[in-house]
Amino acid sequence: MYDYLIVGSGLYGAVFAREAADAGRKVLVVEKRPHVGGNVYTEPTEGIHVHVYGAHIFHTNDEMVWNYITRFADFNRFTNSPVANFHGELYSLPFNMYTFNKMWGVVTPQEAEAKIEEQRGEITGEPKNLEEQAISLVGRDIFEKLVKGYTEKQWGRDCRDLPAFIIRRLPVRLTFDNNYFNAAHQGIPIGGYTRMVENLLSGIEVRLNTDYLQDRQALDALAEKTVYTGPIDAFFDCRLGPLEYRSVRFETETLDMPNFQGNAAVNYTDRETPWTRIIEHKWFQFGKDDEGRDLPKTVISREYSSEWKPGEEPYYPVNDEKNARLYERYKELADGEENIIFGGRLGEYKYYDMDQVIAAALKRSAGELGKI
């Protein structure tokens, strides 16, 4: 008999499993995929750790989380500095003085600020949708070239049909600073995320290719409690109706060249280009393998955003008012489950960064295991 059945081996499940095992509990992890790591899974190709389910760049200002996760991996100092491509025009992200100089020819922070302020004045009342919210923050030019097309591809909806709260703020820097996250700690695990998760799960029993929802009764019977990190609506057989998710499709190819785009991430911000961005994975490790040797080939992934459909991987929740109300009803059902703990991005129907997932798992496991 196990103390905990952990459903899913992504960051939430792996951290909870590690904490439970270290507290002397007997743990079983089940994972429906043929590998551990959830969406942070990386796979080696030509010496490159390919982010199979999309780019994951760890960043945090939480010292507790940083001290915890660096027990399981050393991190390089990769700094995320994406580039925006609008019909062949290249702009720096996040919006900073390089962006404003390219956009308007301004050279001083005062000129840039005045230009943004002038264009923000187009919106006078409370913004009624995402388009008005974005223009009220950064002005018409930046919205049209760097926000509109990318956002519409991401969400599959016109910006005028998206709620304003999706873009609560857009970072505007009146400095020449391309560091996207500006976090105290930022980087990629040396050796890839898969190795990091394997270290988290060291000594813990893991069963791959095991779909919990297909054999729930038998698996629940193996443990005193279950930690469930899958979609909360699927747990309840969507009895209140399905929650909406966005999914992402990837076209990944290995190219016989050392350099395709010169940057880890290039966002395509026009509406006409069907993909949202291209990731060139080797630049997450500075173009070198784990031994520091130059890599002669490269691997790129084109990302396409889409509505989630059954059979696909759900990536992130659609946090509009309709889905928020439905989630609250599912949460009431979840709160009535005595021996089931719901956690993670899908289990809590909540957008989490990686450090937030780790913090949430540490907090919940501490309360559960009597550490607080």
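Scoring rules and cut-offs
Residues numbered from 1 in each chain as written. Predicted model: local features only at pLDDT ≥ 70, side-chain atom pairs only at ≥ 80, totals over all residues. Heavy atoms only, no water. Helix = DSSP H or I, 4+ residues; strand = E, 2+ residues; numbered from the N terminus. Rg over C-alpha atoms; globule rule 2.2 N^0.38 Å. Buried < 20%, exposed > 50% of the residue type's maximum accessible area, 1.4 Å probe, protein only. Contact = heavy atoms within 4.5 Å. Pairing = 2+ DSSP bridges. Core = buried A, V, L, I, M, F, W, Y, C linked by side-chain atoms within 4.5 Å. Axes fitted to C-alpha atoms, helices over the stretch in contact; angles between N-to-C directions. Phe/Tyr/Trp six-rings, centres within 6.5 Å; stacked < 30°, edge-to-face > 60°. Lys NZ or Arg CZ within 6 Å of the ring centre and 35° of its normal.

## Some words on the overall build of the chain
Point 1. The secondary structure content of the chain amounts to twelve helices and 16 strands.
Point 2. Taken over C-alpha atoms, the radius of gyration comes to 22 Å for the chain, in line with the 21 Å a tight globule of 372 residues would show.
Point 3. Overall size of the chain, expressed as C-alpha extent along the three principal axes, is 70 × 55 × 40 Å.
Point 4. Across the 372 residues in the chain, those meeting the buried criterion constitute 54%.
Point 5. Long-range contacts, defined as pairs at least 24 residues apart, comprise 72% of the intrachain contacts of the chain with a sequence gap of at least 6.

## Some details on the pairing of strand β14 (residues 298-307)
Point 1. Across the ten residues that make up β14, a large majority, eight, are buried.
Point 2. Here strand β11 (residues 245-255) pairs with β14 via ten bridges, running antiparallel. What sits directly across from leucine 255, in β14, is threonine 298.
Point 3. Taken together, the four bridges between strand β13 (residues 277-280) and β14 define a ladder with antiparallel strand orientation. From the neighbouring strand, arginine 277 faces β14, where its bridge partner is glutamate 303.

## What about the nonpolar core?
Point 1. Ranked by size, the top nonpolar core spans 54 residues in total, and within it Phe95, Phe100 and Tyr212 carry the most contacts.
Point 2. Counting residues per element, this core draws most heavily on helix α6 (residues 140-155), which supplies five residues.
Point 3. Aside from chain neighbours lying at most four places away, what touches phenylalanine 95 is Phe100, Val138, Ile142, Leu146, Val147, Leu170, Pro171, Val172 and Arg173.
Point 4. Formed by 45 residues, the second largest nonpolar core is a distinct cluster that contains Ile57, Ala73, Ile341 and Ala360.

## Remarks on the sheet that holds β13
Point 1. Taking strand neighbours across the sheet as the criterion, the seven strands line up as β7-β6-β12-β13-β14-β11-β15 in an open arrangement whose pairing is mixed. Two strands in the sheet have a free side with no partner beyond their single neighbour: β7 (89-92) and β15 (316-317).

## Considering the sheet that holds strand β2 (residues 27-30)
By definition, the strands of a sheet pair up through backbone hydrogen bonds, in either a parallel or an antiparallel sense.
Point 1. Taken in spatial order, the five strands line up as β9-β2-β1-β10-β16 in an open sheet, and their pairing is parallel. The sheet is open, and its two borders are formed by β9 (205-207) and β16 (340-342), each paired with just one other strand. Direction aside, the axes of adjacent strands within the sheet are offset by 20° on average.
Point 2. Lying over the sheet, helix α1 (residues 11-22) contacts β1 (2-7), β2, β10 (223-228) and β16, oriented at roughly 165° with respect to β1.

## Quick notes on the packing of aromatic side chains
Point 1. Throughout the structure, instances matching the rule amount to 25 aromatic pairs.
Point 2. Ring centres of tyrosine 68 and phenylalanine 72 lie 5.3 Å apart, and the angle between their planes is 55°; this geometry places the pair in the tilted category.
Point 3. Since its relative accessible area comes to 6%, tyrosine 68 is described here as buried.
Point 4. For phenylalanine 72, a relative accessible area of 10% corresponds to the buried category.
Point 5. With 5.6 Å between their ring centres and 70° between their planes, tyrosine 245 and tryptophan 308 make a pair best called edge-to-face. Here tyrosine 245, found in strand β11, pairs with tryptophan 308, found in the loop between β14 and β15; they are 63 residues apart in sequence, far enough to count as distant.
Point 6. Since its relative accessible area comes to 2%, tyrosine 245 is described here as buried.
Point 7. For tryptophan 308, a relative accessible area of 25% corresponds to the partly exposed category.
Point 8. One aromatic cluster in this structure is built from Tyr212, Tyr228, Phe235, Phe236, Tyr330 and Phe342.
Point 9. For arginine 249, the ring lying beneath its charged end belongs to tyrosine 304, and the centroid distance is 4.1 Å.
Point 10. A cation sits over an aromatic face here: lysine 282 above tryptophan 283, 5.5 Å from the ring centre.

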